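The lines below spell out each chain.
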Amino acid sequence: MRKERIKTVILTLLILNCLQLTGQIWLNRKLWPSGYNFFNSVSNNPVVESILRVFPFGKESGTVDNGFINIIRPQQIVISSGNAREVYLPGGKQYSDAYKTVDSVMRRLLESSTVRSSVISAEEWQGYLKGKSIYIDYGINMDSASLMASFGAIRGTVLSGVGAVSDIMITGDNVTKEGIVCIFDSASDTITKYWVDFRGDELLKYIESATFGKRQNKAFAFELGLDRPPAGAGTAIKRRILLSPLVLLSMNSETMEKISVSNPLEGAGGRFDSIVEAFGYTPSSLRKSVTEEGVASYVENSATIRINTNGMVEYAAVETDKGILLQSGRIEPTSLINGITRIAAEVWRAAGGEDFPDLCMASDLTESRDGEYIVKMNYSFNGIPVITPVTDEDFAQNAIYAQVQNGYLKRFKILLRSFEPIEESSAVMPGINALDSLAIKYKGAESVRILDIFKCYNAGDETASVVWGVKISGENDTVLVD
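On a predicted model such as this, the values are computed, not experimentally measured, just so you know.

Enquirer: It is not clear to me how the sheet that holds strand β2 (residues 85-88) should be interpreted in this structure. Could you clarify?
Expert: Strands pair in a sheet through their backbones, by hydrogen bonds, and they do so in one of two ways: parallel or antiparallel. Taken together, seven strands build an open sheet; the order of strands is β2-β1-β4-β5-β6-β7-β3 and the sheet is antiparallel. Only two strands of the sheet have a single neighbouring strand rather than two, namely β2 and β3 (116-120). Neighbour-to-neighbour, the strand axes of the sheet open up by a mean angle of 20 degrees, direction not taken into account. Where strand β1 (residues 76-81) meets strand β4 (residues 132-142), six bridges bridge the pair, whose relative direction is antiparallel. Residue pairing across strands places S81 opposite K132, the latter belonging to β4.

Enquirer: I tried to follow the environment of G294 on my own but got confused; where do I start?
Expert: Secondary-structure assignment places G294 in the loop between β12 (287-290) and β13 (296-299). With 25 residues separating them in the primary sequence, G294 and G269 have C-alpha atoms 8.4 Å apart. With near-sequence residues (within four places) excluded, G294 lies in contact with F272, I307 and T309.

Enquirer: What is the right way to read the nonpolar core from this model?
Expert: Nonpolar side chains in soluble globular proteins generally cluster together in the buried interior. Formed by 113 residues in total, the largest nonpolar core has its most connected members in I168, I170, L243, F279 and F412. Core analysis: the next-biggest nonpolar cluster, separate from the first, contains 16 residues, V78, L129, M169 and L248 among them.

Enquirer: Help me out: how do you make sense of the pattern of salt bridges in this one?
Expert: Charged atoms that come close allow side chains of opposite charge to pair. Applying the stated criterion across every chain yields a total of 13 salt bridges. In this structure, K455 engages E254 in a salt bridge whose closest nitrogen and oxygen atoms are separated by 2.6 Å. One end of the pair, K455, is in strand β23 (residues 448-458); the other, E254, is in strand β11 (residues 254-262), with 201 residues separating them in the sequence. Since its relative accessible area comes to 25%, E254 is described here as partly exposed. R306 serves as the salt-bridge partner of E314, at 3.0 Å between the closest nitrogen and oxygen.

Enquirer: Can you help me understand helix α12 (residues 431-441) in this one?
Expert: One turn of the α-helix equals 3.6 residues, which is why residues spaced by three or four share an orientation. If you check which residues of α12 are buried, you get G431, A434, L435 and L438. Around the axis of α12, the buried residues are gathered within 110 degrees of arc, so they sit on the same side. With respect to the buried face of α12, the exposed residues turned more than 90 degrees away are D436 and I440. Taken together, the buried residues of α12 touch β9 (241-243), β10 (248-250), β23, β24 (463-472) and β25 (479-481).

Enquirer: Got a minute to help me understand the packing of aromatic side chains in this structure?
Expert: Working definition: an aromatic ring pair is given by the centre-to-centre distance plus the angle between the planes. Within the structure shown, the criterion is met by 10 aromatic pairs. Ring plane angle 70 degrees and centroid distance 5.9 Å describe the contact between F279 and F412, whose orientation is recorded as edge-to-face. A residue pair is termed long-range when its members are at least 10 positions apart, and F279 in the loop between α10 (272-278) and β12 and F412 in strand β21 (residues 408-415) qualify at 133 residues. Each member of the pair F279 and F412 is classed as buried. With a centroid separation of 6.2 Å and 85 degrees between ring planes, the pair formed by F381 and Y457 is classed as edge-to-face. Pair noted here: F381 is in strand β18 (residues 372-381) and Y457 is in strand β23, with a separation of 76 residues, a long-range link. Each of the two residues, F381 as well as Y457, counts as buried. One aromatic cluster is present, built from ring pairs that chain together Y95, Y99 and F151. Cation over ring: K441 sits above Y442, and NZ or CZ is 5.8 Å from the ring centre.

Enquirer: Please clarify how the confidence of the model for the protein chain should be interpreted in this entry.
Expert: Low-pLDDT stretches of the model should not have their predicted coordinates read in fine detail. Scored by pLDDT, the protein chain comes out at a mean of 85, with 84% of its residues at no less than 70. This stretch, residues 24-64, has a pLDDT under 50; its non-local contacts, to residues over four places away or in other chains, come to 67 contacts.

Enquirer: Help me understand the pairing of strand β14 (residues 303-307), please; the structure alone is not making it clear to me.
Expert: Note on strand geometry: in a regular strand, side chains alternate between the two faces of the sheet. Side-chain alternation along β14 places A303, I305 and I307 on a buried face and T304 and R306 on a face that remains uncovered. Pairing of β13 with β14, which is carried by four bridges, proceeds in the antiparallel orientation. The residue bridging S297 from the neighbouring strand is R306, located in β14. Between the antiparallel neighbours β13 and β14 lie three residues. Taking the residues between adjacent antiparallel strands as the criterion, β14 and strand β15 (residues 312-317) are bridged by four residues, where G311 takes a positive phi near 105 degrees.

Enquirer: For this particular structure, what's the right way to read unusual backbone geometry?
Expert: Peptide bonds are trans in most cases, and residues, glycine excluded, mostly fall at negative phi. Located in the positive-phi region is N382, a residue other than glycine, with phi close to 55 degrees. Owing to a relative accessible area of 49%, N382 belongs among the partly exposed residues under this scheme. You will see that N406, though not glycine, has its phi angle at about 55 degrees, which is positive. Mapped onto the elements, N406 comes out in the loop between β20 (400-405) and β21.

Enquirer: Sorry if this is basic, but what is going on with helix α11 (residues 333-350) here?
Expert: Between its terminal C-alpha atoms α11 stretches 26 Å, which fits the 26 Å expected from 18 residues at 1.5 Å a residue. Most of α11 sits out of view: 15 of its 18 residues are buried. Just past α11, the residue G352 takes up positive phi, approximately 95 degrees.

Enquirer: Would you mind going over the pairing of β18 with me for this structure?
Expert: The element β18 is extensively covered by neighbouring structure, given that eight of its 10 residues are classed as buried. Of the pairings in the sheet, the one linking strand β17 (residues 358-361) to β18 comprises four bridges and is antiparallel in character. Bridge pairing in β18 links L359 to Y379. Pairing of β18 with β20 involves six bridges; the strand directions are antiparallel. Note that in β20 the partner of V375 across the bridge is A402. The turn linking β18 back onto strand β19 (residues 384-387) is made up of two residues, and N382 within it adopts a positive phi angle of 55 degrees.

The rules behind each value
- Residues numbered from 1 in each chain as written.
- Predicted model: local features only at pLDDT ≥ 70, side-chain atom pairs only at ≥ 80, totals over all residues.
- Heavy atoms only, no water.
- Pairing = 2+ DSSP bridges.
- Helix = DSSP H or I, 4+ residues; strand = E, 2+ residues; numbered from the N terminus.
- Axes fitted to C-alpha atoms, helices over the stretch in contact; angles between N-to-C directions.
- Contact = heavy atoms within 4.5 Å.
- Core = buried A, V, L, I, M, F, W, Y, C linked by side-chain atoms within 4.5 Å.
- Buried < 20%, exposed > 50% of the residue type's maximum accessible area, 1.4 Å probe, protein only.
- Salt bridge = Lys/Arg side-chain N within 4 Å of Asp/Glu carboxyl O.
- Arc of directions from axis to C-beta.
- Phe/Tyr/Trp six-rings, centres within 6.5 Å; stacked < 30°, edge-to-face > 60°.
- Lys NZ or Arg CZ within 6 Å of the ring centre and 35° of its normal.
- pLDDT = per-residue confidence, 0-100.
- Expected span 1.5 Å × (residues − 1).

Dropping the structure here:
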């Protein structure tokens, strides 16, 4: 009798597994043989939506995969001890170790039902940053749901009132032995302090060990007074360039390795049909034309796909509901990012690429009121963003551009590039010196507000060197300072 029960359980599991695999092939892999994916056009049908919600192959709302977590990771983690400071970039062991600590504290906070909290002043916030602290810099703004998802907390309520998170600070309380988390909400320009049930003394010991024997060779703009006009200067002396308080400037030059930049589509016109299939279409059912420059256009009643040998691949739907459905029902940025990166990876593989490059967010990730999301991403190499300058009004300098409306992918662009390390290096000037170059560049401007300064690769040529990328208020493109 017991053997029969075991056989029944095994048979049931095998049947469920078959249903799951079948669903993935039909609904996600887009292998339907008659042109455009049939399920894309009927997935809004109430019956189909019910099936998607019930069976395990459906696109569950709120699902977070490692792809999203890697893309939304902080652009840098800064550990300060009062007289020393270390900066970690994604990809390194020290970054991973620091992130594990951050993850443990944040999960404890986000999974709590209630926590003590209070709004603090900018002075108190900056005091923590100058003392023993772990500063997490995302480089973008994100809504609280996206932040919670990045730490695996799908349904937390602690941060329900937070509008847009860009910066987090973690430290320990020597008196209460609790952990402390301060979150900057850029939407309301407020800083909220949370007391967390976490060993604060252990946090302080980790900070001390991470900075032991190190130096203070990086400084925040507020520490240097570069975030405000000179005190008591009056109207005679003005500072044209002002920095956001949390811009971190290095005081020393560094030597960074160069990378080679290549285009997987160069001389690979035979892969164009495979790229079209990656979007869920059958090439033979579309109208194809090729320009003298080698740009191929595949036209269907509902959409157009353009593929250029320079590595640019574009998709455009005629109407919103004719686009590729990424998510139905309540739209969540996490699901959209997952869907966009899946399409990008499929296009990459179809183009003959091997390992898909790392990605990082280049646009804010906040909830849209009108149902439209503009998503931009950059490639990343060894934790450093790669800027890919192209002549395109929408695309600007990014690797991926996506316009999503009501859960449908309406427009999509990807610039295919691959990167390899080479046995060459170049010197990178101190970040503080980049301000001199900016002062020359904006000599005629009355005032310039710098939002961020960060290391990046300039991939405009076949060999890319590390330069300083500068985000300036009111400008879409990143200014590159060599």
